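Examining the three-dimensional arrangement
Given next are the chains, with one letter for each unit.
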Amino acid sequence: PWQHVHNRADLPPTTPAHTHRCSSISQYYCEWRTIMTKKCVGFLKSHKCASSSVQNILMRWGVKQEMNFVLPSSGNYLRSETQLKYSRDMLADTEWEKKGLEYHIFCLHTVWDTQEVRRTLSGPDTVLISIVRDPVDVFESMWHYYGFSQYLGKSLEDFAKETALNPDLDRLGFDQRFGRNQTLFDFGLEHENMNIAYKVEEKISTIEEEFDLVMVSERFLESKILLTELLDLTPSDAACLKLNSRNSSSKPRLDSQTRQLLAGWLAADYQLYNKANSWLDKKLETMDQDYRREISGKIEDADEELERKCKLHQEGSELGGDFGMWSSTVVGFTPAGRGDGDEDTKLACMGELQFVDLLRERQLEN
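Every chain is numbered on its own, with residues counted from 1 as its sequence reads. Owing to the predicted nature of the model, reporting of local features is limited to residues with pLDDT of at least 70; listing and counting of side-chain atom pairs is limited to 80 or more, with chain, interface and lining totals taken over all residues. Water and hydrogen atoms play no part in the side-chain values, which are based on all heavy atoms of the structure.

**Some thoughts on a negative patch on the surface**
To keep things clear, this is the line we draw: Think of a patch as exposed residues, more than 30% relative accessible area, with no salt bridge, where like charges cluster within 9 Å and nonpolar side chains (Val, Leu, Ile, Met, Phe, Trp, Tyr) cluster within 5 Å. Accessible surface area values rest on a Shrake-Rupley calculation with a 1.4 Å probe, where residue burial reflects the displayed protein chains alone. In the sections that follow, a salt bridge refers to a side-chain nitrogen of Lys or Arg positioned within 4 Å of a carboxyl oxygen of Asp or Glu. In this tally, Asp and Glu contribute negative charge and Lys and Arg positive charge; neither His nor the terminal groups of the chain are included. To locate a charge, take NZ of a lysine, CZ of an arginine, CG of an aspartate or CD of a glutamate. Every helix listed is a DSSP run of H or I at least four residues long, and every strand listed is a run of E at least two residues long, numbered separately from the N terminus.
Together, Glu 300, Asp 301, Glu 304 and Glu 307 make up a negatively charged patch on the protein surface. Of note, Glu 304 is situated in helix 14 (residues 289–308).

Here's what the structure looks like:
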């Protein structure tokens, strides 16, 4: 099994950074170890960007590959009591860190730090992935998901008018982790740098340099084509449901004035969003177009096959057990067949919190 590969006595030792050296061993062993080594994945789970669906793809794939995950001892947000930006020290109290477990997939919410994520993941071949969405849609979805109208005692429309008068409004919610330019904040841009043009440009340039793929929520199929190629996924590996999407009763329309006000306030996130679309275009242009059409059709077929195996529920929070969702505003899914379906279908329907708990149980057994 994959989790035992690094414990084999007949394999060459790894460096402290978990890279492999071939100069002092036979080429045979070097090639054998390369075959056994899996790609490590660092996925920044950005807020309200269809990232739950991408996360579910990675978690199901990682379970199949017998990979280990970067997990806190509780919850689904990697943070500490003193900081939001990720550091490996945040794992210090976990049983898997105490046992020296090697990690292969990072896929939870955090404030991103590339150096720390790379320091945490094992192996020489690490790819970095994230996803973006139209910034106004991100903020509007986040506003309703976390109930900020009740939290602040005002409507989103009134809040948008305030942003025109005072763009430097405090961030919202627990730990002030939500607010202006949410996606850039998730990527690690400090709140106080949101108005500094060169800081924004530097961060976007760094993202372009460091990340192998930045998916775009509105171009999800095209993004999944590139994800499939990057990780060598099968179409069924890449199949997913629209997890954490809002139910039919929780989709208020945003008037044009509010949308315009928010768009101006979120200008930095639009810089990133527009760049990410151009990066996606360039990657797609380099692909063989016949292959692109073929794999696109296969992914669509796999998505439809998975949807046939599952039942959609408008009130996801009312579902019990493994399939209950955290928010009353989102849909949920359960396996449609008798006996709750096959294991992959169960995992595809599972709520994030329950799936992360399952991964913890699995790692405690390693």
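**Here we look at helix 16 (residues 352–365)**
Going by this rule: Here the expected length of a helix is defined as 1.5 Å per residue gap, with one fewer gap than residues. Residue contacts follow a heavy-atom distance rule, with two residues in contact if any of their heavy atoms lie within 4.5 Å.
Helix length check: helix 16 (14 residues) gives 20 Å between terminal C-alpha atoms against 20 Å at 1.5 Å per residue, within 8%. Where helix 16 is buried, its residues meet helix 2 (51–64), helix 3 (95–98) and helix 15 (343–349).

**So, the nonpolar core**
Spelled out, the test is: To qualify as a nonpolar core, a set must consist of buried Ala, Val, Leu, Ile, Met, Phe, Trp, Tyr and Cys residues joined through side-chain atoms within 4.5 Å. Think of it in three bands: residues with accessible area under 20% of the maximum for their type are buried, residues over 50% are exposed, and the middle band is partly exposed, with areas taken using a 1.4 Å probe on protein chains only.
Ile 129, Phe 139 and Leu 231 are the most contacted members of the largest nonpolar core, which has 89 residues in total. Discounting residues that sit within four places of it in the chain, Phe 139 has contacts with Leu 156, Phe 159, Gly 179, Leu 262, Trp 265 and Leu 266. In this structure, Ala 239, Cys 310, Val 331 and Cys 349 belong to the second largest nonpolar core, which totals twelve residues.

**A word on the packing of helix 9 (residues 197–210) against helix 13 (residues 267–285)**
This is how it is decided: Axis angles are defined between N-to-C directions and span 0 to 180 degrees, where every axis is a line fitted to C-alpha atoms and, for a helix, only to the segment in contact. Angle categories: roughly parallel below 35 degrees, roughly antiparallel above 145, roughly perpendicular from 65 to 115, and oblique for all the rest. A crossing counts as left-handed when the near helix is turned anticlockwise from the far one by less than a right angle, and as right-handed when that turn is clockwise. Under the grouping applied here, Gly and all other residues not named as nonpolar or charged are polar, the nonpolar ones being Ala, Val, Leu, Ile, Met, Phe, Trp, Tyr, Cys and Pro and the charged ones Asp, Glu, Lys and Arg.
The geometry of helix 9 relative to helix 13 is characterised by a closest axis approach of 10 Å and an angle of 30° between their N-to-C directions. Considered as vectors, helix 9 and helix 13 are oriented roughly parallel to each other. Seen from above, helix 9 lies across helix 13 with right-handed handedness. From helix 9, Val 200, Glu 201, Ile 204, Ile 207 and Glu 208 reach across to helix 13, where they touch Ala 268, Gln 271, Leu 272, Lys 275 and Trp 279. Here the residues of the contact of helix 9 with helix 13 sort into six nonpolar, one polar and three charged.

**Comments concerning helix 10 (residues 220–231)**
Over its twelve residues, helix 10 runs 16 Å from end to end, which matches the ideal 16 Å to within 8%, given 1.5 Å per residue. For helix 10, the buried fraction is high: nine of the twelve residues fall into the buried class. When helix 10 is considered as a whole, its buried residues turn out to be Phe 220, Ser 223, Lys 224, Ile 225, Leu 226, Leu 227, Thr 228, Leu 230 and Leu 231. With its phi angle positive at about 55°, Asp 232 sits one or two positions after the end of helix 10.

**Brief notes about the environment of Ile 129**
Structurally, Ile 129 can be placed in strand 3 (residues 126–132). Separated by 88 residues in the primary sequence, Ile 129 and Val 41 place their C-alpha atoms 7.4 Å from one another. If sequence neighbours within four positions are ignored, Ile 129 has contacts with Val 41, Gly 42, Phe 43, Leu 44, Phe 211, Leu 213, Met 215, Leu 227, Leu 230 and Leu 231.

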